[in-house]
Structures are given as C-alpha cells and as structure tokens.
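Coordinate inspection notes
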Amino acid sequence: QSDIICAITFLGSFTIIPYAAPHKSWRCFKYHKQSWHYIIKTADRTIFYGSDTVLNHDFYAGIASQHTIDVAILPIDFVNLPGTDKSQFLSPEDAAHAAQELKAKQIIPCQFGSFNGQGHVMLERFQAELAKLGMIEKSHVLPPGGLLKT
C-alpha cells in the first residue's frame, strides 16, 4: 500500500508528490522500511521517478489509476548484495513490468551498472523484456547530457 506524504508545489510551475513504497533492503531505512518514489507534474506532463523497491503490481497500478504517466524513470540495476535477495530490488525484467503497470508513454532506464559494473547486461535484459511486452519503442537510453523531447 502506498501513501502520499505531502505534495509540494513550486511557484505554480510544477508539483512534486512523494509516494512511499515497500522496501526490504538491509542497507537503508533505520526508521522506515520504505522507498520514496516521486511524481513530478507540470501543467501538461507527468513524470514518475522510481527508486529501489520491489515489483508490487498493486503499487504501480495504483499510481497509474491516479496519474497518466508521460515518462517513467526506473532503476534497472538489480544486484545480489549480502543479505539481499531478488525480492528487494527491481530487476531489469521487473522494471519493464513496472513500466507496463504504470502505462508509461515513454521509459528511461536509470541506475544500471551502478553496483556491479554490468550496466550493458542490465540494459540488454531490460530492453529484451520491453520487446517481449511490445514496449521497446518507448525506451530511451539517455547519454550524459542527453535530452528526451516529448
């Protein structure tokens, strides 16, 4: 179950809405077992920015029922750290399914190669899963300084 903590509007130009999602990692959240995701809304666009979490179909479908996601930015760098298991992080395949649940119009993978130096492998797995889901044309890998124009 996700909770909205608060929404902050900046000078009327955009709003940031944080959502709490379950997270089971040993490495974080001394006080909360949650990961924060953000919706960034402008007058005509909605961006979902995801952080480390598990694949929770109800969570992502719930976001999609409240927002039309123009762009989803999702981490795809699953790593098996000591004390962790697959259920604690989005794998590249999980991230593709999260994008599908979000009904994202455009998808930007992030955080690949951050932990294990296997960024190209994670990216290939993500794109292969998006292709299976018929969503590969929505994927955009941005180089540093790159732009996505929608």
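Scroll up for the structure.
Residues numbered from 1 in each chain as written. Predicted model: local features only at pLDDT ≥ 70, side-chain atom pairs only at ≥ 80, totals over all residues. Heavy atoms only, no water.

1. Concerning the overall build of the protein
Per the secondary structure count, the protein includes three helices and seven strands. When the helices and strands of the protein are read in sequence order from the N terminus, they spell out β-β-β-β-β-α-β-α-β-α. Looking at the protein residue by residue over its 150 residues, the buried ones come to 39%. Long-range contacts, defined as pairs at least 24 residues apart, comprise 58% of the intrachain contacts of the protein with a sequence gap of at least 6. Of the roughly 8000 Å² that the protein leaves accessible, carbon and sulfur atoms contribute 57%. (Helix = DSSP H or I, 4+ residues; strand = E, 2+ residues; numbered from the N terminus. Buried < 20%, exposed > 50% of the residue type's maximum accessible area, 1.4 Å probe, protein only. Contact = heavy atoms within 4.5 Å. Areas by Shrake-Rupley, 256 points an atom, 1.4 Å probe, with all protein chains shown as cover.)

2. Quick word on the packing of helix H2 (residues 92-102) against helix H3 (residues 119-132)
To characterise two packed helices, one gives the angle between the axes of the helices and the distance between these axes. Between H2 and H3, the shortest axis-to-axis distance is 8 Å and the interhelical angle comes to 40°. Classified by the angle between their axes, H2 and H3 sit oblique to one another. Two packed elements cross with a definite hand, and for H2 against H3 that hand is right-handed. Across from Pro 92, Glu 93, Ala 95, Ala 96 and His 97 in H2, the residues of H3 making contact are Met 122, Arg 125, Phe 126, Glu 129 and Leu 130. For the contact of H2 with H3, the per-class residue count stands at six nonpolar, one polar and three charged. (Axes fitted to C-alpha atoms, helices over the stretch in contact; angles between N-to-C directions. Parallel < 35°, antiparallel > 145°, perpendicular 65-115°, else oblique. Left-handed = near helix turned anticlockwise from the far one by under 90°. Nonpolar A, V, L, I, M, F, W, Y, C, P; charged D, E, K, R; others polar.)

3. Quick notes on helix H1 (residues 57-66)
Three or more residues of H1 are buried, namely Phe 59, Tyr 60, Gly 62, Ile 63 and Ala 64. For H1, the capping residue at the N-terminal end is Asn 56, with a side-chain oxygen 3.1 Å from the backbone nitrogen of Asp 58. (Polar contact = N/O pair within 3.5 Å; in protein donor to acceptor, adjacent residues only side chain to side chain.)

4. Focus: the pattern of salt bridges
All chains considered together, the criterion is met by three salt bridges. One salt bridge connects Asp 70 with Lys 105, and the closest N-O pair in it is separated by 3.3 Å. Here Asp 70 is found in the loop between H1 and strand E6 (71-75), whereas its partner Lys 105 is found in the loop between H2 and strand E7 (106-110), with 35 residues between them in sequence. Between Arg 125 and Glu 93 there is a salt bridge whose closest N-O contact spans 2.8 Å. Taken together, the residues span a long stretch of sequence, with Arg 125 in helix H3 and Glu 93 in helix H2 at a distance of 32 residues. (Salt bridge = Lys/Arg side-chain N within 4 Å of Asp/Glu carboxyl O.)

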